[in-house]
Amino acid sequence: MYNFNQNNLCVLIDSDEISEVHLTKDVGEIPKTYCEVFDGSSSIFFWGNRKIQNYDERVKLNRVFPIWKLLRWVPSLYIRRSVSSLLMMLIALPAIRKSKLLMIFHLQPQWGFSLFFTRWMFPNTRIHLKMDISQLWLSEMREQEIQAPKYVKNNCARLLKLADIVSVETSDTFKLIQSRPLFGVDLDLRLILMPNGVSTQMAQSVNSVSKEKRILTVGRLGTEQKNTEMLLEALASVELKDWTIDLVGSLEPEFEKWLNNFLQVRPDLSRRIQLWGHLTNRDELSTIMARSSVFCLTSRWEGSALVLLEALAHGCALLSTEVGAAADLIRNRGTGLLIQSGDVNALATAIQSIVDGEWNLVEMEKLARKLINDELRWPIILKRMNSFWFPKRQRR
């Protein structure tokens, strides 16, 4: 049961069906941590048909049938999603009525009318739009400002105007949006920087696994986004000595062929590269990450790149292209090195310096764990959000 005297949170997620994996990220960690920090209740409304297992019992999960699947006869995707979003909003009304805070993820035009309706009914409920946006997506959004139909642009603008708080995850996107109105809306003080974090359990877990001479990368190996070829091409000019490269994730078919050809040319590297495949057991991935000294990310673009946070929580030094939150986590932090996307020579030089012992990995491990524990645990982030979510004049 909800209590009007509590700081209840209602979260609406209008994306593809949610699974247990999604709830280990911000969409699941924020409602769970909210209960701890504010001694309140949380509800999540999401599309789905199957029951979610092993999630926090304090958070009420509300599965909503994905009605857009029944509206395929409607030619407009925007109309299908708008009708579906309105249905979710109507189903969530009892929870919203008893909540001080409503959180919506992503700037999606289909929320425009629904949110207008909600604001009219519950003017005192604070609305937080969490953008979850990368620089690439922001560039595409700027194009939509020009090319999208008028009704789409109007609803994006309406959503931005109705939100009390609009948050982004990285300093770079914050500065870009701050410098120029989005869909004609000047967010001013409503725009805030809210980095993603990790759970206290992950941050403070004591792992007995000792660090080894291993460099780890995790992701959908071989996709255009992850640019895994960059790492392999860099290794071609590196003397790895007794270091091992761990590749965790599913292999794209074309990349698997590319990798086999690459290793035929460089069979010596096949002894130093270990392929783990896609790991569904998060404990196994955690163990691999805990024993890795360095985490390498070669992506061409990322949103926030939560995997970097997990790597820091496990004491890994970071070697990353300037994507997502990498700059915020590395620049002036002493936790690793930033390189330009596609700069194979710079990556090779950096890996060689690691192998040659030029990185103080022991000190970097300490700094990585300190950064997570002091700044990037979800309870700390949500406590900082308190003054934005509940200004003094509105606190009870």
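Everything below is about the structure shown above.
Description of the structure in this document.

Procedures and definitions
- Think of each chain on its own: its residues are numbered from 1, step by step along the sequence as written.
- At least 70 in pLDDT is required for a residue's local features to be given in this predicted model, at least 80 for side-chain atom pairs to be given and counted, and no such filter applies to totals for whole chains, interfaces and linings, which use all residues.
- Each side-chain value is worked out from all heavy atoms of the structure, with water and hydrogens disregarded.
- Two rings belonging to Phe, Tyr or Trp (six-membered ring only in the last case) form a pair when the distance between their centres is within 6.5 Å. Interplanar angles under 30 degrees mark stacking, angles over 60 mark edge-to-face geometry, and anything in between is tilted.
- Each helix corresponds to a stretch of at least 4 residues labelled H or I by DSSP, and each strand to a stretch of at least 2 residues labelled E; elements are numbered beginning at the N terminus.
- Each residue is placed in one exposure class: buried if its accessible area under a 1.4 Å probe, protein chains only, is under 20% of its type's maximum, exposed if it is over 50%, and partly exposed if it falls in between.
- We call two residues contacting when some pair of their heavy atoms lies within 4.5 Å.
- Counted as a polar contact is a pair of N or O atoms within 3.5 Å, where, for protein atoms, one must be capable of donating a hydrogen and the other of accepting one, and residues adjacent in sequence contribute only when both atoms are in side chains.
- Pairs of strands are assigned from DSSP output, requiring at least two bridges between the strands.
- To obtain each axis, a line is fitted to C-alpha atoms, and for helices this fit is confined to the stretch in contact; angles are then taken between N-to-C directions over 0 to 180 degrees.
- Counted as salt bridges are all cases of a side-chain nitrogen of Lys or Arg within 4 Å of a carboxyl oxygen of Asp or Glu.
- The cut-offs work like this: below 35 degrees is roughly parallel, past 145 is roughly antiparallel, 65 to 115 is roughly perpendicular, and the gaps in between are oblique.
- When the near helix sits turned anticlockwise from the far one by under a right angle, the crossing is termed left-handed; a clockwise turn instead gives a right-handed crossing.
- Each residue after the first adds 1.5 Å to the expected span of a helix.
- Bend, at a single residue, is the angle you get between axes fitted to the 7 residues ending at that residue and the 7 residues starting at it.

Side note on the packing of aromatic side chains
Here comes step 1: Evaluation of the coordinates by the stated rule reveals eight aromatic pairs.
Here comes step 2: Relative to Trp258, the ring of Phe255 lies with its centre 5.8 Å away and its plane at 15 degrees, an arrangement referred to as stacked. In this pair, Phe255 and Trp258 both sit in helix α9 (residues 253-265), three residues apart, roughly one turn of the helix.
Here comes step 3: Classification of Phe255 as buried rests on a relative accessible area of 2%.

With respect to the environment of Ser293
Here comes step 1: Examined against the element boundaries, Ser293 turns out to sit in the loop between α11 (282-291) and β11 (294-297).
Here comes step 2: Given a relative accessible area of 10%, Ser293 falls into the buried group.
Here comes step 3: Measuring from C-alpha to C-alpha, the distance between Ser293 and Gly315 comes to 7.4 Å, with 22 residues separating the pair along the chain.
Here comes step 4: Not counting residues within four places of it along the chain, the set of residues in contact with Ser293 comprises Lys211, Glu212, Lys213, Arg214, Trp243, Gly315, Cys316, Ala317 and Leu361.

What about unusual backbone geometry?
Here comes step 1: At His106, a position not held by glycine, the phi torsion is positive, near 75 degrees.
Here comes step 2: You can see His106 is positioned in the loop between β4 (101-105) and α3 (111-121).
Here comes step 3: Residue His106 is classed as partly exposed on the basis of its relative accessible area, which comes to 28%.
Here comes step 4: Phi angles above zero are rare outside glycine, and Asn332 is one such case at about 60 degrees.
Here comes step 5: On the accessibility criterion, Asn332 (78% relative accessible area) is exposed.

Brief notes about the side chain of Ser167
Here comes step 1: Tracing the backbone through its elements, the reader meets Ser167 in strand β6 (residues 165-168).
Here comes step 2: Using a relative accessible area of 0% as the deciding quantity, one classes Ser167 as buried.
Here comes step 3: Within polar-contact distance, the side chain of Ser167 engages the side chain of His128 at 2.7 Å.
Here comes step 4: Contact partners of Ser167, with chain neighbours within four places excluded, come to His128, Leu129, Lys130, Met131, Asp132, Ile192 and Met194.

A short note on the sheet that holds β4
Here comes step 1: Sheet architecture is open: seven strands sit in the order β3-β2-β1-β4-β5-β6-β7, paired in parallel fashion. Of all strands in the sheet, those bounded by a partner on one side alone are β3 (59-64) and β7 (191-193). Between one strand axis and the next, the sheet turns through 20 degrees on average, direction left out of account.
Here comes step 2: Alignment of strand β1 (residues 9-13) against β4, held across four bridges, turns out to be parallel. By the bridge assignment, Leu9 is partnered in β4 with Leu101.
Here comes step 3: Packed onto the sheet, helix α6 (residues 171-179) meets β6 and β7 and runs at close to 165 degrees relative to β7.

Comments concerning the pattern of salt bridges
Here comes step 1: Tallying each qualifying case throughout the model produces 23 salt bridges.
Here comes step 2: Of the charged contacts, one joins Lys32 and Glu29 as a salt bridge, the two residues approaching to 3.3 Å between their closest N and O atoms. With Lys32 and Glu29 both in helix α1 (residues 26-38) and three residues apart, this pair spans about one turn of that helix.
Here comes step 3: For Glu29, a relative accessible area of 7% gives the class buried.
Here comes step 4: Residue Arg119 pairs with Asp164 through a salt bridge whose shortest N-O separation is 2.6 Å. You can see Arg119 sitting in helix α3 and its partner Asp164 sitting in the loop between α5 (150-162) and β6, a full 45 residues away along the chain.

Structural notes on the packing of helix α8 (residues 228-235) against helix α14 (residues 344-355)
Here comes step 1: At a minimum axis separation of 8 Å, α8 and α14 run at an interaxial angle of 60 degrees. In terms of their interaxial angle, α8 and α14 are classed as oblique. Judged by the twist between their axes, the crossing of α8 over α14 is right-handed. In contact with Met230, Leu231, Glu233, Ala234 and Leu235 of α8, α14 contributes Val344, Leu347, Ala348 and Ile351.

What to know about helix α2 (residues 77-97)
Here comes step 1: The first and last C-alpha atoms of α2 sit 29 Å apart over 21 residues, in line with the 30 Å expected at 1.5 Å per residue.
Here comes step 2: The sharpest bend along α2 comes to roughly 45 degrees, located at Ile91, with the proline Pro94 sitting one to four residues further on.
Here comes step 3: Within α2, burial applies to Tyr78, Arg80, Arg81, Ser82, Ser84, Ser85, Met88, Met89, Ala92, Leu93, Ala95 and Ile96.
Here comes step 4: Where α2 is buried, its residues meet β1, β2 (42-47), β3, β4, α3 and α5.

Some words on the pairing of β2
Here comes step 1: Taken across its six residues, β2 has six buried, putting it largely inside the fold.
Here comes step 2: Alignment of β1 against β2, held across five bridges, turns out to be parallel. Considered in β2, the bridge of Leu9 is made with Ser42.
Here comes step 3: Looking at chain direction, β2 and β3 are connected through six bridges and run parallel. Its bridge partner lying in β3, Ser43 is registered against Lys60.

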